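# Summary of structural features
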2 protein chains.
Amino acid sequence: MPDIGIVGAGIAGLHLGLMLRQHDVPVTLYTDRVPGSLAAGRLPATVAHHAPTLERERRLGVGFWPAEEYGYTCHHHHVGGPRPLVFRGDFTRPSCAVDHRLYLPALAEAFQERGGRLRVTPVAAGDLDALAGRHDLLVVATGRGGLADLFPPRDGGASPRRPLRRLCAGLYHGVAPSEPKGVTLSIAPGRGELIEIPLFSRDGHVTALLFESVPGGGADHLADLDHEEDPGAFRRAVLAELTAHHPTVSERIDPGRFRLTGPLDLVRTAIVPTVRADHARLPSGRLALALGDAHAVVDPIVGQGANTASHAAEAVAATIVEDLAFDELFARRVARRREEVVLGAARWSDLMLRPPPEHLRSLLGAMSRHRPLADAFTDNFGHPDRQWQALATPERTRAFLARHGAADAPAARPDGTWGPTP
Amino acid sequence: MPDIGIVGAGIAGLHLGLMLRQHDVPVTLYTDRVPGSLAAGRLPATVAHHAPTLERERRLGVGFWPAEEYGYTCHHHHVGGPRPLVFRGDFTRPSCAVDHRLYLPALAEAFQERGGRLRVTPVAAGDLDALAGRHDLLVVATGRGGLADLFPPRDGGASPRRPLRRLCAGLYHGVAPSEPKGVTLSIAPGRGELIEIPLFSRDGHVTALLFESVPGGGADHLADLDHEEDPGAFRRAVLAELTAHHPTVSERIDPGRFRLTGPLDLVRTAIVPTVRADHARLPSGRLALALGDAHAVVDPIVGQGANTASHAAEAVAATIVEDLAFDELFARRVARRREEVVLGAARWSDLMLRPPPEHLRSLLGAMSRHRPLADAFTDNFGHPDRQWQALATPERTRAFLARHGAADAPAARPDGTWGPTP
């Protein structure tokens, strides 16, 4: 039985650790933070888990927040412009968002209860080789502390080299859930997107608002506002942005109750999307495998980071359990198993950050008039490989429309706005 | 529904065609020979179908020769030298060998009965672009007529560039089946191998003898002998070779009955192993996909050609049915699905043609003393990806031994012959 070391106790490292423990593989998880301490810290992100991830959690015995009770069943869309598009798409099976400050400590506890070793210690890049020497395989499953730099970027120009959005994500009281309960994807063309997520936190059922602001697009100020300095000004700015650009969310807001759930329940950041090499050689010649944020970082615009990390963890776990050695052949097998989902998620996310090509605008217009198409697009949030298959080229999007009975969708508007030609 | 054209009516093309017909995909198969005419022609090869291929045939409704009646259950091994190794390995599920002059016409008939179109017409490389224009995708599934040259070799030096064996394969009367009924793999180190296969032909249950002669190794003359010129001399030479080097086969021969089943039941050839690009662009820009011999040709030393072609056909069929377009993304998806089996078969076959490295000699020695190991090696004839995982490096072979409870196997003999150190 091999002995596995994992650096990083996010969803990638924890899912991998729990999966390996199901096969009685000895696992040590290295993290720089006591998992329980996350609860008192800053919001790390606003993360939706889609059905395939929830199914993996059930199989791992860590489905602590059943989607039937904590989840949601659909995406509501609003595409702004002179003739806004408003439409819904349903999942086949519900998704669920739980504050990772609850989620990650619960999984770390389950990991330890099942015989996993957890070591709280800072790990720097220079420590990796010594750590690798204690195990048969070292998996780097965190982008923190510069550890990802071990793995060279590989996505040869497909990803942007700078952030295409500035992010402002927070948890709020005072937003009534949509009906049926779902995520709202609200697009303000040229300005950015708002992703509203019904999320379960220590305050119960609250609302995550993730503003994705195009640099220079007019909503940048949200990423610059200092909530701690002037909570009132912050609240007013957010309300003003919602009222002006995201009406299907603002109409559900009770201004008297609307506020951040706490001063730490806000995170402002920006992502440089990067796909890195699957593995690297340490100075000793030992192999280190990249997983999760060490392997691929995506902008959260379509919520693919955690789901892709969990999928990739399963690919790594299955290959560890089956294979006979941890060498180039092993790394190639892992790469083959996860590549389609990882690259699908990365390329789809990148596409959504760019000025939308005509076939994407046509698709949105067609979805607004053809429910089965919107349902298929929504369900593909759990299958980024399939979503990319439908979005990679205009020809593919046409075939996707045809497959879902929407072949007669007109082309995008000639003025370049979203939706169908009148 | 896409319309698919397939050039080549061997096992690759026929399996793909039958799989697509199960999904009602329109298919046209182009072949230069009326399938029924094969029956009167020369033996094309001696082909064993392993359990995964037989399972695919059952699912396709073309399991016309059930392995329970026509098949065999094990491999008998003889490794010659000063201390010969003699041992057996059992399959989990039986394999089966049927003369492809019976098999291919039967499948072609089933293909047509199920709505597949079969066009008998010579196809040259210059015709491919026009053919591709008649279909949504053209699959080249034959190495005949130089069509494989469309796909550049890709296996960067891993395969030899010249034949490492000269082959002489024939069907014979007068060899009693082994007990239990099985293939015999008889290795005459430095000289070559004999693969004896219980095979069902138009003459009923006969015996295929496939001599794999190392050029200059002493058994070359078998590939040069002209049976038609002097059947008696041919028969004497084969008998002499068997008696001198393949005793576990020769002991089952009735010299009074031993003879070729017919003048056309003999084929002499030599293979240059080649793995080619998965796809190519035709002059018009249309994509052509390589399958079967157009994609990968292996020496038959471990009987992987037909099984790999059938596996790859399933990868192509599944991707055609699922995907939305036939472009680079499609080709990459096909490549990912079949790569591990195709490359595993190619690299394992190549390894068996070379002077055996120490870890392969150790493995054979350990198999001779440890039945579960021999069983696992034998069962892997149906899983060349797994076999290559066990053979790719000395470390992997050691882990394979350990996994099957044979970790204490001694190293190979210092004199370089096969088997364990005394």
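Residues numbered from 1 in each chain as written. Chains lettered and ligands numbered in written order. Predicted model: local features only at pLDDT ≥ 70, side-chain atom pairs only at ≥ 80, totals over all residues. Heavy atoms only, no water.

With an unreviewed UniProt entry as reference, chain A is termed Monooxygenase, source organism Streptomyces mexicanus.

## Structural notes on the overall build of chain A
We count it as follows: Secondary structure is summarised from DSSP: a helix means a run of H or I of at least four residues, a strand means a run of E of at least two, and numbering begins at the N terminus for each. Only protein chains enter the accessibility calculation, which uses a 1.4 Å probe; a residue is then buried when its area is under 20% of its type maximum, exposed when over 50%, and partly exposed in between. Residue contacts follow a heavy-atom distance rule, with two residues in contact if any of their heavy atoms lie within 4.5 Å. The method behind every accessible area is Shrake-Rupley, applied with a 1.4 Å probe, and residues are considered shielded solely by the protein chains displayed. Only four residue types enter the charge count, namely Lys and Arg as positive and Asp and Glu as negative; His and the chain termini do not. For charged residues, the charge sits on one atom: NZ in Lys, CZ in Arg, CG in Asp, CD in Glu.
A tally of helices and strands in chain A yields 14 helices and 17 strands. In terms of principal-axis extent, the alpha carbons of chain A reach across some 65 × 50 × 40 Å. By the burial criterion, 59% of the 422 residues in chain A qualify as buried. For chain A, the share of sequence-separated contacts (at least 6 apart) that also reach a separation of at least 24 residues comes to 75%. Within the structure as shown, chain A displays about 15,700 Å² of accessible surface, and the carbon and sulfur contribution to it stands at 53%. With 47 positive and 49 negative side-chain charges, chain A shows a separation of 2 Å between the mean positions of the two kinds.

## Focus: unusual backbone geometry
All names here are of chain A. Omega for the peptide link from Glu-179 to Pro-180 comes to -5°, which places this bond in the cis form. Looking at the element boundaries, Pro-180 is found in the loop between strand 8 (166-173) and strand 9 (182-188). Phi at Asp-24 is positive, roughly 60°, even though this residue is not glycine. Considering the arrangement of structural elements, one finds Asp-24 in the loop between helix 1 (11-22) and strand 2 (27-31).

## What about the sheet that holds strand 15 (residues 279-281) of chain B?
In a beta sheet, neighbouring strands are held together by backbone hydrogen bonds and run either parallel or antiparallel to one another. Residue and element names in this part refer to chain B. Using the following cut-off: Between any two strands, pairing holds if DSSP finds at least two bridges. Helix axes are fitted only over the stretch in contact, all axes being lines through C-alpha atoms; the angle between N-to-C directions runs from 0 to 180 degrees.
Taken together, 6 strands build an open sheet; the order of strands is 6-2-1-7-16-15 and the sheet is mixed. In this open sheet, the two strands that pair with only one neighbour each are strand 6 (117-120) and strand 15. Within this sheet the neighbouring strands show an average axis-to-axis angle of 25°, counted without direction. Sheet topology places strand 1 (residues 4-7) next to strand 2 (residues 27-31); 4 bridges connect them, and they run parallel. Bridging across to strand 2, Ile-6 finds its partner in Leu-29. Along the sheet face, helix 4 (residues 100-113) touches strand 2 and strand 6 and points at about 125° away from the line of strand 6. Helix-sheet contacts for helix 10 (residues 328-353) involve strand 7 (137-140), strand 15 and strand 16 (287-290), and the interaxial angle to strand 16 is about 5°.

## Brief notes about the relation of the copies chain A and chain B
Let me state the cut-off plainly: Least squares is the method used to superpose the copies, on C-alpha atoms of residues holding a pLDDT of at least 70 in both.
Placing chain A over chain B gives an RMSD of 0.0 Å and needs a rotation angle of 180°, together with 0.0 Å of translation along the axis. In symmetry terms, the pair is related by a two-fold rotation axis. Of every C-alpha in chain A, the one belonging to Arg336(A) sits nearest the axis of rotation, 3.1 Å from it.

## A word on the pattern of salt bridges
To be explicit about the condition: By salt bridge we mean one thing: a side-chain nitrogen of Lys or Arg within 4 Å of a carboxyl oxygen of Asp or Glu.
For the structure on display, the rule yields 68 salt bridges over all chains. Note that Arg332(B) and Glu339(A) form a salt bridge whose closest N and O atoms lie 2.8 Å from each other. Of this pair, Arg332(B) sits in helix 10 while Glu339(A) is found in helix 10 (residues 328-353), placing the two residues in two different chains. The exposure class assigned to Arg332(B) is partly exposed, which follows from its relative accessible area of 28%.

## Here's the deal with empty space enclosed by the protein
Unfilled space is identified by rolling a water-sized probe across the atoms. Residue and element names in this part refer to chain B. Stated formally: Think of a 1 Å grid over just the protein atoms. A cavity is a set of points where a 1.4 Å probe fits yet cannot get out, a pocket is an open set with protein on both sides within 12 Å along at least five of seven lines, and lining residues have an atom within 4 Å of a point. Grid points are joined across faces, edges and corners, and a volume is the space filled by probe spheres set on the points. Each domain's limits were defined by an automated method or a database of domain assignments. Under this grouping Gly is polar, as are all residues other than the nonpolar Ala, Val, Leu, Ile, Met, Phe, Trp, Tyr, Cys and Pro and the charged Asp, Glu, Lys and Arg.
Applying the stated criterion across every chain yields a total of 6 cavities of 30 Å³ or more. In this structure, the largest cavity spans a volume of roughly 130 Å³. In terms of lining, the largest cavity is formed by 15 residues, of which the most central are Ala-48, Ile-195, Ile-197, Val-302 and Gly-303. Mapped onto the lining of the largest cavity, the elements with two or more residues apiece are strand 4 (71-79), strand 9 (182-188) and strand 10 (192-201). A domain-level breakdown of the lining of the largest cavity finds at least three residues from each of domain 1 (4-47 + 99-160 + 272-351) and domain 2 (166-270). For the second largest cavity, the calculated volume is near 80 Å³. Looking at the lining of the second largest cavity, the elements with two or more residues in it are strand 17 (296-297) and helix 9 (305-322). Among the elements that line the lining of the second largest cavity, the one with the most residues is helix 9, at 4 residues. A per-class count over the lining of the second largest cavity returns 6 nonpolar, 5 polar and 1 charged.

## Considering the sheet that holds strand 15 (residues 279-281) of chain A
All names here are of chain A. In space, the 6 strands of this open sheet follow the order 6-2-1-7-16-15, with mixed pairing throughout. In this open sheet, the two edge strands, each paired with only one partner strand, are strand 6 (117-120) and strand 15. Going from strand to strand, the sheet's axes swing by 25° on average, the running direction of each strand aside. Bridge analysis of strand 15 against strand 16 (residues 287-290) gives 3 bridges, and the strand direction is antiparallel.

## A few points about the domain arrangement of chain A
Residue and element names in this part refer to chain A. Our working definition: Buried area: the sum, over both parts, of the accessible surface (1.4 Å probe) that disappears when the two are put together.
Here the domain parsing of chain A yields domain 1 (4-47 + 99-160 + 272-351) and domain 2 (166-270). Between domain 1 and domain 2, the C-alpha centre-to-centre distance is 30 Å. Of the residues lining the interface, 15 residues belong to domain 1; the matching set on domain 2 comes to 21 residues. Of the roughly 1,400 Å² buried between domain 1 and domain 2 on both sides combined, carbon and sulfur atoms contribute 58%. On the domain 1 side of the contact with domain 2, Arg-42, Leu-43 and Thr-46 bury the most area, a combined 40% of that side's loss. Counting across the interface, domain 1 meets domain 2 through 2 salt bridges.

## Here's the deal with the packing of aromatic side chains
All names here are of chain A. Convention followed: Note on aromatic pairs: the rings of Phe, Tyr and Trp (six-membered ring only in Trp) are paired at centre separations within 6.5 Å, and the planes decide the class, stacked below 30 degrees, edge-to-face beyond 60, tilted for the rest.
A complete count under the given rule lists 18 aromatic pairs over all chains for this structure. Measuring from centroid to centroid gives 5.0 Å for Phe-326 and Phe-330, while their planes differ by 90°, and the two rings are edge-to-face. Per residue, the accessibility class of Phe-326 equals that of Phe-330, and both read buried. Grouping aromatic residues by their ring pairs yields a cluster made of Phe-64, Trp-65 and Tyr-103.

## Here we look at helix 1 (residues 11-22) of chain B
All names here are of chain B. Heads up, the condition is: The span expected for a helix works out to 1.5 Å for each residue beyond the first.
Relative to the 16 Å expected for 12 residues at 1.5 Å per residue, helix 1 spans 16 Å between its end C-alpha atoms, a close match to the ideal helical length. Listing the buried residues of helix 1 in full gives Ile-11, Ala-12, Gly-13, Leu-14, His-15, Leu-16, Gly-17, Leu-18, Met-19, Leu-20 and Arg-21. Just past helix 1, the residue Asp-24 takes up positive phi, approximately 60°.

## Overview of the packing of helix 10 of chain A against helix 13 (residues 384-391) of chain A
All names here are of chain A. Here is the rule: We call two directions roughly parallel when the angle between them is under 35 degrees, roughly antiparallel when it is over 145, roughly perpendicular when it lies between 65 and 115, and oblique otherwise. When the near helix sits turned anticlockwise from the far one by under a right angle, the crossing is termed left-handed; a clockwise turn instead gives a right-handed crossing.
Closest axis-to-axis distance for the helix 10/helix 13 pair is 7 Å, and the angle between their directions is 50°. Comparing their axes, helix 13 and helix 10 come out oblique. The handedness of the crossing between helix 10 and helix 13 comes out as left-handed. Together, Glu-340, Val-341, Gly-344, Ala-345, Arg-347, Trp-348 and Leu-351 of helix 10 and Pro-384, Asp-385, Gln-387, Trp-388, Gln-389 and Leu-391 of helix 13 make up the contact between the two elements. Of the residues contributing to the contact of helix 10 with helix 13, the split by class is 7 nonpolar, 3 polar and 3 charged.

## Some words on the environment of Ala390(B)
Note on placement: Ala390(B) falls in helix 13 (residues 384-391). When the C-alpha atoms of Ala390(B) and Leu54(B) are compared, they prove to be 24 Å apart, with 336 residues separating the residues in sequence. The residues contacting Ala390(B), other than those within four sequence positions of it, are Leu324(A), Arg396(B), Thr397(B) and Phe400(B).

## Some thoughts on the environment of Arg386(B)
Residues and elements named next belong to chain B. With respect to the helices, strands and loops of the structure, Arg-386 is situated in helix 13. Judged by relative accessible area, Arg-386 falls into the partly exposed class, the value being 43%. Remark: the alpha-carbon pair of Arg-386 and Val-341, spanning 45 residues in sequence, is separated by 8.3 Å.

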